[in-house]
Every structure is written in structure tokens, then in C-alpha cells.
Amino acid sequence: MWIQYVGAILVTIAGLVLGYLLWLHPATRRAEEAIAEARKLKEQTEKEIQTRRKEILLEARDEAHKIRAEAERELREKKAEIQRLERRLAQKEEALDRRLENLERKDRSLSQKEQEVTKLRDELNDTIGKQREELQRISGLTQEEAKKVLLKLIEDETKYEAARLIHEIETQAKEEAEKRARDIVTLAIQRCAVDQTSETTVSVVPLPSDEMKGRIIGREGRNIRAFETLTGVDLIIDDTPEAVVLSGFDPVRREIARVALSNLISDGRIHPGRIEEMVTKATAEVEAKIREAGQQATFETGVTSLDPEIEKLLGKLKFRTSYGQNVLDHSIEVSHLAGAIAAELGGNVALARRAGLLHDLGKAVDFEVEGPHATISADLCRKYNEHPEVIHCVGAHHNDEEPQTMEAVIVSVADAISAARPGARRETLETYVKRLQRLETIADSFNGVEKTYAVQAGREIRVMVKPNEIDDLGAAKLARDTAKKIEEEMEYPGQIKVTVIRETRAVDYAK
């Protein structure tokens, strides 16, 4: 259709062109030529239009043929798919029919079996009823009474078996625990074998000759007075040949006095001015030793981030002894032992090492502060912001407070191992036993005391009293009097804790 429009438009254009040419060129010949040219152009246009029309028709027919073929192919595929689905539906329908038949057959079978079970249950109930009646007639017991008797028998038998099983488990657990504990303690001791030769603070200073005694005393005793005033230590000059004795509670001051006196003797110039100079120099020298000893202890044990004041207190323990055992060496050994035991038991190794190193920190100042050294040590740790668990381990290592953590028990055990190692303490077994017996004898000498026990290597005595003879106020007075009598009659290092226990029991029997 659009081709015809194009042809008409072209003819119109040609007519207009011809008219224009006739208007411009009135000559007939030229007009005829133009008309002939226009006709020729028209005929050519019509031929092209016809040719193009045929081509379009052919293309349209080819396209229609392709569309028809595609539609027929899709239709065939749809039909095949529908047939396949119909076959699957038919198969499922057959399977469902078969299942339905099976279910109906099983339902009929279950109904029959249910009827049989119901019949058997009724027969069984009748039989049980008859047997119960017969049992009640034979035993003379009702059903409830027989049930109680049976349950009581089962309960007794179960209790017996449970008790037997519990006893076996406890016995086995104790055996295994004791063996495991021995292995752990042995392993810890083997891993930590430190030198047990105690380095005690020397209190006796040798002299080159007895003539030096007079020079130490000085004119009218001015040298010895200046020395004792500056050092805070008593200088005892007696008949001991070529030696003088230094006496004082503070081991650090005693060491300063020893160093200063040794330097004065070596120098030979002894007068108040020189004494003051030598004491100042000795003080600096001993403080340097203290710092070095504290740092070395932390390095050996692997304990870090300690307050400098705590390191200084640790260094002071180098000059402190307990029963002949150097306290700093003992603290280092306890740290190693506690770490080894904690590693075997799966505890906090770093915590055990730290608490083991600090557990006797209070012995550096126990001559200045009253109280058990474990309590003093815990207070010092608390003062310098140690972790609460470390404070607890330190405070509980002599049971001054109840151990609440595994590490606290480990530190207490490590302390006992270190103190009990052969060669660790100079006190002989005989002297040790006599001291414990003396403690118990002093406590037993008071009226109303039933039994006395010396515990914690003589650091504590526990006095059991008769409750009908001593009341609560009397128990407090007895503890005070016992402590006072021990102070008067015995010599001992540190402190001894006196615990009076008064217990009242009421016993009766149901018949």
C-alpha cells in the first residue's frame, strides 16, 4: 500500500515539474520531451514498485512459513510434555491405589490384633486378680501392705549396693589421689634442687688483735656510743678473743653495722667523724645489695611487674634467716615449687609463682610490725596493689585464713616442702620435738585444758578445753595467759598463735 502512495507522489512531482517546464519553456518540443521523460519515469517507477511488491510478498510468505513451523514444533513439544505428565500421574495414581489397599489391609489386621490384645488383657487382668486374691489369702497381707514390704526390701538392697559402690569409689579415688600427689610432689622437688647452705648474717666481727677493742671503744666510750647511735645496733665487746659481737633485731641494720665496722677496722682510723662516714658508705653499699638481690630474685623466678618497694623488701630477706634457712632463698624455692606443682595440676602457674615468691614478704618487717608474718605479707601485697588472688594465697599459706583456691593450697604445700627438705633447716629433730612438747606442756599446765596440739611446725598451738569448766570469756583469758607464759619461758623466732577451742555437745539416744 505504501508503494502506491510513493508512486502517486512521484507522478504528482513529475507533473509539477512538467508544468513548470512548460511554463518556463513554452516550446512544444521541449514540452513533449519532458512529458515523454515523465512517462518513462512513471513506467520505470511502476516497474520498480511491482518488483518490490513481489519481493515483499515473498518475504512475508517465508516469514509466515517459519512462524507456522515454529508454532507446530512448540505444539508438538507441548503435546509430548502433556503426555509425559499424564503417564506420571497415571503411575502415581496406581501407586496411591496400591498404598491405599495396603493401608486398608493393615488396618483390618490391626483391628483384629487389637481385639486379640484386648481379649488377652482381659484374661490377664482376671488371672492377676485371682493371683492377688490367692497371694493375699496365703500371706495374710493386703495389696498395699505387700507393696510397702517389697519397696522396703528394694530400698534396703539399693542403699547397701550404693554404699558399697561409694566406698569402693572413695577408696580407689584416695589411692589414686595419694599416688598422684606423691608423684607431683616428687617431680616438683626434683625439678627444683637449690643450694640449702644457708647464708646467715654474720654477727661476730673478727679483729686483728685485742688492741683494736680499745680503739673501737674510744676515749670515754665516745666511739662505741657514736657507732651504736648511727647504726641502731648494740656493739658487745667482751672477753671473746679477737672478736666483737653485733646484736640487733633488724638484720639490715646489723649488716650495715658489720660492713661499717669491717671497713673501720681495715682503715684503722676510728673516730666519730670517720664512723659516720663509714656508716653512710655502708648504708649505700647494703642498699645496693638489697636492690640487686630483689631484682635477681624476680629474674630467677620469672615474676615481672613488681612494685620497686616490693623488690626492696625481697632484697631485705637476703639478710633474714628462719631456723637457719635464708628467707630469700626459701622464697625463691617456694616460687619454683609452686609453679611446678601448679603446672602438673593445671593451675595458674604465673599466679602460683608470684604468690610463692611473696609469701614471706612480711618477714622483712616483722620486727617492726606486730602480727603473724603471713598476715603482714598479705597487708604489704595489698598496700602495693597486688592482685586479690595473690593476696589471698599469701595470707592463707599458714592457714591464718581458710584457703579458697587451688593456688593457695599449692603455695602452702610448696612452703612446707621447702621447709622440710633435708638440710633446709639447722634445727635437729630432737630440738624440734622438745620445742613442740614444751609448747604443749605450757598449755596443759592451765586448769580446764583437755588436750593441746602443736601445729604448723610450732607456729601455732590449739588448746581443747572442757566446756563445763571454762566458758567463752574464760577461753579468751586462757589464750591470753598461755601466750604470755610462752613469751616468758621460751625463745623462738617469729610468733606463735594460740587458738583455744571450746565445744559443747549434747547427746541422747532414742530407744
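Residues numbered from 1 in each chain as written. Predicted model: local features only at pLDDT ≥ 70, side-chain atom pairs only at ≥ 80, totals over all residues. Heavy atoms only, no water.

A few points about the sheet that holds strand 7 (residues 460-465)
As a reminder of what qualifies: Think of it this way: DSSP has to see at least two bridges between two strands before they count as a pair. To qualify as a helix, a DSSP run of H or I must reach at least 4 residues; to qualify as a strand, a run of E must reach at least 2; elements of each kind are numbered from the N terminus. Only C-alpha atoms enter the line fits that serve as axes; for helices the fit covers just the stretch in contact. Angles between N-to-C directions range over 0 to 180 degrees. Only heavy atoms enter the contact rule, under which two residues are in contact if any of them lie within 4.5 Å.
Read from one edge to the other, the open sheet built from 3 strands follows the order 6-7-8, with strand pairing classed as mixed. If you trace the sheet from one side to the other, it starts and ends with strand 6 (449-455) and strand 8 (497-502), each paired once. On average, adjacent strands in this sheet sit at an angle of 20 degrees to one another, irrespective of strand direction. With 6 bridges joining them, strand 6 and strand 7 adopt antiparallel strand pairing. Across the sheet, residue Thr452 finds its bridge partner in strand 7, namely Val463. Its contacts with the sheet place helix 15 (residues 472-489) against strand 6, strand 7 and strand 8, and it is angled at close to 155 degrees to strand 8.

Digging into the sheet that holds strand 1 (residues 204-206)
Pairing within the open sheet is antiparallel, and its 3 strands lie in the order 1-3-2. Each end of this open sheet is capped by a strand with a single partner; those strands are strand 1 and strand 2 (234-236). The mean inter-strand angle of the sheet, taken between neighbouring strand axes irrespective of direction, is 30 degrees.

Structural notes on the confidence of the model for the protein
Applicable threshold: Across the chain, each position has a pLDDT score giving the predictor's confidence in that residue, from 0 to 100.
In the predicted model, the protein carries a mean pLDDT of 81, and the fraction of residues at 70 or more is 86%. Low pLDDT, under 50, characterises residues 196-202; the predicted model gives this stretch 22 contacts beyond four residues in sequence or across chains.

Observations concerning the packing of helix 5 (residues 222-231) against helix 7 (residues 272-301)
Short version of the rule: Roughly parallel means an angle under 35 degrees; roughly antiparallel, over 145; roughly perpendicular, 65 to 115; everything else is oblique. Helix crossings get a hand from a simple test, with the near helix turned counterclockwise from the far one by less than a right angle marking a left-handed crossing and a clockwise turn marking a right-handed one.
Orientation of helix 5 relative to helix 7, taken along the N-to-C sense of each, is 25 degrees, at an axis distance of 9 Å. Here helix 5 is positioned roughly parallel relative to helix 7, judged by the angle of their axes. Viewed along their axes, helix 5 and helix 7 form a crossing whose handedness is right-handed. Packed against helix 5, whose contacting residues are Arg222, Asn223, Ala226, Phe227, Leu230 and Thr231, the element helix 7 presents Pro272, Ile275, Glu276 and Val279 at the interface.

So, a negative patch on the surface
As a reminder of what qualifies: Patch membership requires more than 30% relative accessible area and the absence of a salt bridge. Residues of like charge join within 9 Å; the nonpolar side chains Val, Leu, Ile, Met, Phe, Trp and Tyr join within 5 Å. In this description, accessible areas are obtained by the Shrake-Rupley approach with a 1.4 Å probe, and a residue is regarded as covered only by the protein chains that are shown. In the sections that follow, a salt bridge refers to a side-chain nitrogen of Lys or Arg positioned within 4 Å of a carboxyl oxygen of Asp or Glu. Only four residue types enter the charge count, namely Lys and Arg as positive and Asp and Glu as negative; His and the chain termini do not. Charged side chains are reduced to one point each, which is NZ for Lys, CZ for Arg, CG for Asp and CD for Glu.
Taken together, the side chains of Glu93, Glu94, Asp97, Glu101, Glu104 and Asp107 make up a negatively charged region of the molecular surface. Inspection of the secondary structure puts Glu104 in helix 2 (residues 28-139).

Quick notes on helix 6 (residues 251-267)
The cut-off we apply is this: A helix is expected to span 1.5 Å multiplied by its residue count minus one.
Taking 1.5 Å of rise per residue, 17 residues should cover 24 Å, and helix 6 covers 24 Å from first to last C-alpha, within 8% of that figure. The first or second residue beyond helix 6 is Gly268, which carries a positive phi of 90 degrees.

Re the pattern of salt bridges
Stated formally: We call a residue buried when its accessible area falls under 20% of the maximum for its residue type, exposed when it is over 50%, and partly exposed in between, using a 1.4 Å probe and counting protein chains only.
Applying the stated criterion across every chain, the model contains 16 salt bridges. The partner of Arg73 in a salt bridge is Glu70, with the nearest N and O atoms 2.1 Å apart. Here Glu70 and Arg73 lie together in helix 2, a separation of 3 residues that amounts to about one turn. On the basis of relative accessible area, Glu70 is assigned to the partly exposed category, the value being 33%. With a shortest N-O distance of 2.4 Å, Glu489 and Arg438 are connected by a salt bridge.

A word on the packing of aromatic side chains
Quick note on the threshold: When the centres of two rings from Phe, Tyr and Trp lie within 6.5 Å, Trp using its six-membered ring, the rings pair. Their planes under 30 degrees apart give stacked, over 60 give edge-to-face, and anything left gives tilted. In this analysis the charged atom, NZ for Lys or CZ for Arg, is taken to sit over a ring once it is within 6 Å of the ring centre and within 35 degrees of the ring normal.
Per the stated rule, a full pass over the model turns up 0 aromatic pairs. Cation over ring: Lys485 sits above Phe446, and NZ or CZ is 5.3 Å from the ring centre.

What to know about the side chain of Arg354
As a reminder of what qualifies: We call two N or O atoms a polar contact when they sit within 3.5 Å, provided that within protein one can donate a hydrogen and the other can accept it, with sequence-adjacent residues counted only if both atoms are side-chain atoms.
Tracing the backbone through its elements, the reader meets Arg354 in helix 10 (residues 349-358). Polar side-chain contacts of Arg354 include one of 2.7 Å to the backbone oxygen of Thr304. If sequence neighbours within four positions are ignored, Arg354 has contacts with Val303, Thr304, Ser305, Leu306, Glu386 and Val390.

Some remarks on helix 9 (residues 327-345)
Compared with the 27 Å implied by 1.5 Å per residue over 19 residues, the 26 Å span of helix 9 between its first and last C-alpha is a close match. Among the 19 residues of helix 9, 14 are classified as buried, and the element is accordingly described as predominantly covered. N-cap assignment for helix 9: the residue whose side-chain oxygen lies 3.1 Å from the backbone N of Leu328 is Asn326. Positive backbone phi, approximately 80 degrees, marks Gly346, located one or two places after helix 9.

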